[in-house]
Structures are given as C-alpha cells and as structure tokens.
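# Observations on chain architecture
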Amino acid sequence: MIGTRIRALRTARGITVTELARRAEVSTALISQVERELADPSLVTVRKIARALDVPLFSLFEESEPDDVAVVRRESRMQVQSPGGVAYSRISPGRGRLEMMQGVLSPGGASSAEPWSHPSEECALVTAGRLVVEVAGTEYALSEGDSCYFDSRLPHRYVNPYDEPAEFVISVTPPGY
C-alpha cells in the first residue's frame, strides 16, 4: 500500500528511483524494495521519503479519494510506531490543511533522536501524564491539560523523562512531514 503510493507520487513527479533515494538520503535498493512492497520502512525512512516527495507524512498512507466529510473511527485509525518510544494514531482523515494525531510516549522515550523542523504550526495538548516539549533548545514541561503552541520550523521534539507514559494530542497545519 505505502510502496504503491510512493511509486505513484515519484512517477507523477518524473523522479527516478535513484533521484528519490538521493533526495531521501537512503539507498536505491531500499526505495526499490519499498515500492515493490518487499520492505516495511521505518517511520524515520517514511519521513525522509515524504520530505523528498514534498508531501505530508501521513499522505503516503492514504487509500482513497477524499470526501467532504470524514469520520475516523477509533478502531480504524492509522497507527504508526516510532523507534523512540512514541506511538501515533491519526485522528484526522489525513488530508486537507489540518492533521491531528494522538500520541503515547513511553517513559524515557522521545519522538525523535534529535530535534527536527518542518514548515508548519503545531499545538500539543497533554491528556494524561507529563511531557516535555523541546523547541529551539528550550524545554517546556507540560502536565495534564497543558498545551504548547509553536512554529514547527523551529527544531523540536517531544520527550518523556518521567516514569509514566505521556498521552497527548497534536494538531499540525499544514500537515508536516
């Protein structure tokens, strides 16, 4: 499914497998395997491919044409697990100018190894536990009910230095990579 979507976007843009691999900073073999559904790429790899194709991350997982109204049932949400200990489920349908995700970050985990940026605006709301939001080198400690809004062009990430999982909702506009 994701490989087919990547291949369609790549060919629509007139980009070769080699060029996409160069832009995404991954091997040509990996792109080829992903496109043929022979490899299941990591979230980090999918993020790199999305950036290289200049599309929002979750758009690579779309399966159908958009409707004017979309209902996303809890049991049908798209799930993505990061190696850093964060699990996301997409609350919004994955199209349009707004993306919403529910995140659960394990104790000691981080959304990424290093802060990163993308051309969006972001707001995070902690729904359970505590969470640290790092933005441009400054840490903001949030508790349940607290929120943090920031310009996503600033390097950022979510960190859970606490002993219990952190649950939060993120809203991103336009959808980031």
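With that out of the way, let us pick up the packing of helix α1 (residues 2-12) against helix α4 (residues 43-53). In the contact formed by α1 and α4, the axes pass within 11 Å of each other and the chain directions differ by 20 degrees. It follows from the interaxial angle that α1 and α4 lie roughly parallel. Judged by the sense of rotation from one axis to the other, the crossing of α1 with α4 is left-handed. On α4, the residues that touch Ile 2, Ile 6, Leu 9 and Arg 10 of α1 are Val 46, Ile 49 and Leu 53.

Reading across the sheet, the six strands line up as β1-β2-β3-β9-β4-β7 and stay open at both edges, with antiparallel pairing between neighbours. Looking along the sheet, the strands with just one partner apiece sit at the ends: β1 (79-81) and β7 (147-151). When the angles between neighbouring strand axes are averaged without regard to direction, this sheet yields 20 degrees. The pairing of strand β4 (residues 121-128) with β7 spans five bridges and is antiparallel. When the sheet's bridge partners are listed, Glu 121 is paired in β7 with Asp 151.

Running from N to C, helix α2 (residues 17-24) and helix α3 (residues 28-35) point in directions that differ by 115 degrees, and their axes come no closer than 8 Å. Taken together, the axes of α2 and α3 are roughly perpendicular relative to one another. In this structure, α2 crosses over α3, and the sense of that crossing is right-handed. Every residue of α3 that contacts α2 at Val 17, Thr 18, Leu 20 and Ala 21 is listed here: Thr 28, Ile 31, Ser 32 and Glu 35. Residue composition of the contact of α2 with α3, by class: four nonpolar, three polar and one charged.

Rules of the game
Residues numbered from 1 in each chain as written. Predicted model: local features only at pLDDT ≥ 70, side-chain atom pairs only at ≥ 80, totals over all residues. Heavy atoms only, no water. Axes fitted to C-alpha atoms, helices over the stretch in contact; angles between N-to-C directions. Helix = DSSP H or I, 4+ residues; strand = E, 2+ residues; numbered from the N terminus. Parallel < 35°, antiparallel > 145°, perpendicular 65-115°, else oblique. Left-handed = near helix turned anticlockwise from the far one by under 90°. Contact = heavy atoms within 4.5 Å. Pairing = 2+ DSSP bridges. Nonpolar A, V, L, I, M, F, W, Y, C, P; charged D, E, K, R; others polar.

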